Amino acid sequence: MLKHLLALLIIVVGLCLVVEHGRLAQAAPPPAAPTGGLDYLLIGQVGGNSNSVATQGNVAYLGLGLRLIVLDITNPLAPAVVGQSDILRDVVRHVAVNGNFAYLAVGSAGLQILDISNPAAPVFSGWYDSPSIAYGVDLAGNYAYLADYGSGLRIVDVSNPAAPEETGFVDTPGSALGVAVSGNYAYVGDSSQGGLRVINVTNAAAPFEEGFLDTPGTAWGIAVTSTIAYVADGGNGVRVVNVADPGNPAEIGFSNSAGYARYLAVQGNYLYVAGGWGGLYILDVTTPATPTFVQSEVTGGYGFGIALEEDYAYVADNYLGLRVVDINNPANPTLVGGSNTAGRPTEMALLGNYAYVANYYEGLEIFDMSNPAAPVLAGSYDSPGTAYGVTVLAGMAYIADGDAGLQISDVSNPAAPTQVGGYDTPSNAYGVFVAGDYAYVADGSSGLRVIDVTTPSLPNEVGFYDTPNLAYGLTVSATTAYVADGSSGLRLIDVLTPTAPAEIGYYDTPDFATDVTIVGNLAYVADSDGGLRVVDVSTPALPAEIGYLDGIGDVRRLQIVGDRAYLAAGDSLQVVDVSNPAAPALISSYDSTGFSAYSLAVTGEYIYLGDTEAGLLVLQPLSTSIYLPVLLRP
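None of the values given here were measured: they were computed from a predicted structure.

(A) Spatial organisation of the nonpolar core. Core analysis: the largest hydrophobic core is formed by 18 residues, its most contacted members being Leu573 and Leu609. Breaking this core down by element, the ones donating at least two residues are strand E1 (40-46), strand E51 (564-569), strand E52 (572-577), strand E54 (597-603), strand E55 (606-611) and strand E56 (615-621). The element that contributes the greatest number of residues to this core is E54, accounting for three residues. Those residues in contact with Leu573, other than ones at most four positions away along the chain, are Tyr40, Tyr566, Leu567, Ser588, Ser589, Tyr590, Leu600, Ile607, Leu609 and Leu619. The next biggest cluster of nonpolar side chains, apart from the first, holds 16 residues, and it includes Val92, Ala102, Leu104 and Leu114.

Next up, the structure:
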């Protein structure tokens, strides 16, 4: 009997601790960085997607990956980074600023408040862990209004920034992406299911929906002036809604001339729209019912967020960071400046203290990793195409540069990389491997291309083999090129004679092969949703799968170190024991917090993970893990 009572007492104490943990979670500051699991610690980060920007006087606040970046815009033509936050718990989705505080919608981490009284050193102030994924935030009085995706509108009292507290909410029918507050109403962009929702917030403790209009597209950002609400409706452009009667909002006009409308802002008679690939779009709304396209300005990447400050529009370009557009004459907007940032790391190579990152639209970026906790941009080369892959050898970086083919840059001085030569392959170069005098390029729909790089300034193609699908990744071992060929799996190509490559065998993996590594007689293949496939290639004409591990995410890149396979898989790092190749077993994983872990490199005691939203992450495996009883785990 005593034994049973003791067991019951232990359970009750455990449950009390769990309850107490829940009570304290809001009062205690969040971790400085996401842990993603018990086995890895995120110690460094740089870059990522730019989703939002806010301005206040001569300062711009840019949400960049897992950080808030602070820029001095006294000279709008040359914004200068003056400070940044510590690593946050998720990707910054939206930024609002008031006085000495910045209010950030930080995805799965809810609302995070930073003290920005010293712009050079933003510091944590308070945190509200919303139920869903915080996408948008607006401020009015003592309240922050949070567009919280699946949980609708959350109203948070921020009169004490150190202890924000929810006072009320309305669970909208769709997924809340954006919010704007005007007077006694919060206007919520509620994705494709809900459109524009008009919430009466006169009583913050008891908000209620007063009216709605189901827009045809995906409602993102909202801008409100007087009795007009402008809705950024994704692929359906801008919708103009009369909200004079909040209970019966009515569309009075629209414009499909604003790209894929994400967020927008009004100034005078003009509406400025961050419109996706087209960058910035300007509409004349002198007569709101008939918005008229005035002009657009390409920002170079993907226009996502926007803020206006006098004669300038500050655009958060998803891929390129902050872009500054002179709008003094709306009919002639001009891109005049910006602050480039590491965007979407698609592949990387490590050499010495440097990480060479193929960074999509940014081209090649070289980071000094002497201190892995604080990566520093050492130099960059803006390649003409879209950098997908990179290999570094003997002071040269060979870049798989999308529709610009193979580009070669001299990186013997990492601070000043220079273009040496290039060869425009027929399709899109996604991967490159250099062996001897040849660069082997995975060229999408044009298969394997063999390029003589004996003279880097004059590369020329000497042979090719057109694989059946899309060549994404490759490696070369001895006289065989192993090509990850999309839906056609693994292709083995004899390159003994580089001028006449010939397929000698293949193994059709179940999904979409994107990367391959050879260890001895085994090929390890990254097969997207097919996971990790292990293929015996000892008989090249008859490769045979001997083991696999699936259900671990969208596996895109892999590296084998000893008995472990490290996989960039969807939104995570997966680490797999391959000591028995016939039965790969998952050891541990790390949630990268972003949209897609697309590249990785493992060296020494660090793992470098490239995430398309969160940027370049530096992980340190923990030598020991402390496992609490199940009842006590957070």
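(B) How the structure looks around the pattern of salt bridges. All told, the structure shown has nine salt bridges when counted by the stated rule. We note a salt bridge from Arg154 to Glu166, for which the minimum N-O separation is 3.0 Å. With Arg154 in strand E12 (residues 153-157) and Glu166 in strand E13 (residues 165-170), this pair connects stretches of sequence that are twelve residues apart. A salt bridge links Arg533 to Glu545, with the shortest nitrogen-to-oxygen separation between them at 2.9 Å. In this pair, Arg533 is assigned in strand E48 (residues 532-536) and Glu545 in strand E49 (residues 544-549), connecting sequence segments twelve residues apart.

(C) Structural view of empty space enclosed by the protein. Within this structure, the stated rule accounts for one cavity of 30 Å³ or more. If you trace the largest cavity, you find it lined by Tyr388, Tyr430, Tyr472, Thr514, Arg556, Arg557 and Tyr598. Partitioning the lining of the largest cavity into residue classes produces four nonpolar, one polar and two charged.

(D) The environment of Asp284, seen in detail. On the secondary structure map, Asp284 appears in strand E24 (residues 280-284). Excluding anything up to four places from it in sequence, Asp284 contacts Asn269, Tyr270, Thr290, Pro291, Thr292 and Val294. For Asp284, the side chain forms a polar contact with the side chain of Thr286, separated by 2.6 Å.

(E) Representation of the sheet that holds strand E2 (residues 50-56) in the model. Pairing is antiparallel across the open sheet formed by four strands, whose spatial order is E2-E3-E4-E5. In this open sheet, the two strands that pair with only one neighbour each are E2 and strand E5 (80-84). Here the average twist between neighbouring strands, direction ignored, is 30°. Strand direction decides the pairing type here: E2 and strand E3 (residues 59-64), joined by six bridges, are antiparallel. Bridge pairing links Ser52 to Gly63 in E3.

(F) Region of interest: the sheet that holds strand E36 (residues 406-410). The four strands are arranged E34-E35-E36-E37 in an open sheet whose pairing can be described as antiparallel. Unpaired on one side and paired on the other, strand E34 (389-393) and strand E37 (418-423) mark the two borders of the sheet. Each neighbouring strand pair of the sheet contributes to a mean axis angle of 20°, computed without reference to strand direction.

(G) The environment of Pro173, seen in detail. Within the fold, Pro173 resides in the loop between E13 and strand E14 (178-182). C-alpha of Pro173 to C-alpha of Gly141: the two residues are 32 residues apart in sequence and 26 Å apart in space. Sequence-distant contacts of Pro173, defined by excluding residues within four places in its chain, comprise Asp190, Gln193, Gly194 and Arg197.

(H) Here's a closer look at the environment of Gly431. For Gly431, the location among the structural elements is in strand E38 (residues 431-435). Take Gly431: its relative accessible area is 4%, and that puts it in the buried class. Taking the C-alpha atoms as reference points, Gly431 and Gly421, separated by ten residues in sequence, lie 17 Å from one another. Sequence-distant contacts of Gly431, defined by excluding residues within four places in its chain, comprise Ala400, Tyr440, Val441, Ala442, Tyr472 and Leu474.

(I) Layout of the pairing of E38. With five bridges connecting them, E38 and strand E39 (residues 438-442) associate as antiparallel partners. In the strand pairing of E39, Val434 is matched with Ala439. Hairpin remark: E38 followed by E39, antiparallel, with two residues in the connecting loop; positive phi at Gly436, about 65°.

(J) How the structure looks around the confidence of the model for the chain. Considering every residue of the chain, the mean pLDDT works out to 90; 91% of them sit at 70 or more. Of the regions scoring below 50 in pLDDT, residues 1-28 engages in twelve contacts with residues more than four places distant in sequence or in other chains.

(K) The packing of aromatic side chains, seen in detail. Tallying each qualifying case throughout the model produces 21 aromatic pairs. Ring geometry for Trp220 against Phe304: centres 5.7 Å apart, planes inclined by 85°, an arrangement best described as edge-to-face. With Trp220 in the loop between strand E17 (208-213) and strand E18 (222-225) and Phe304 in strand E26 (residues 303-309), the pair connects residues that are 84 residues apart, well separated along the chain. Grouping residues by exposure puts Trp220 and Phe304 together as buried. Positioned above the aromatic ring of Phe169, the side-chain terminus of Arg154 is 4.0 Å from the ring centre. Positioned over the ring face of Trp220 is Arg262, at 4.3 Å from the centre of the ring.

Here is what the cut-offs are and how they apply
- Residues numbered from 1 in each chain as written.
- Predicted model: local features only at pLDDT ≥ 70, side-chain atom pairs only at ≥ 80, totals over all residues.
- Heavy atoms only, no water.
- Core = buried A, V, L, I, M, F, W, Y, C linked by side-chain atoms within 4.5 Å.
- Buried < 20%, exposed > 50% of the residue type's maximum accessible area, 1.4 Å probe, protein only.
- Helix = DSSP H or I, 4+ residues; strand = E, 2+ residues; numbered from the N terminus.
- Contact = heavy atoms within 4.5 Å.
- Salt bridge = Lys/Arg side-chain N within 4 Å of Asp/Glu carboxyl O.
- 1 Å grid on protein atoms, 1.4 Å probe; cavity = no way out; pocket = protein on both sides within 12 Å on 5 of 7 lines; lining within 4 Å.
- Points joined across faces, edges and corners; volume = space filled by probe spheres on them.
- Nonpolar A, V, L, I, M, F, W, Y, C, P; charged D, E, K, R; others polar.
- Polar contact = N/O pair within 3.5 Å; in protein donor to acceptor, adjacent residues only side chain to side chain.
- Pairing = 2+ DSSP bridges.
- Axes fitted to C-alpha atoms, helices over the stretch in contact; angles between N-to-C directions.
- pLDDT = per-residue confidence, 0-100.
- Phe/Tyr/Trp six-rings, centres within 6.5 Å; stacked < 30°, edge-to-face > 60°.
- Lys NZ or Arg CZ within 6 Å of the ring centre and 35° of its normal.

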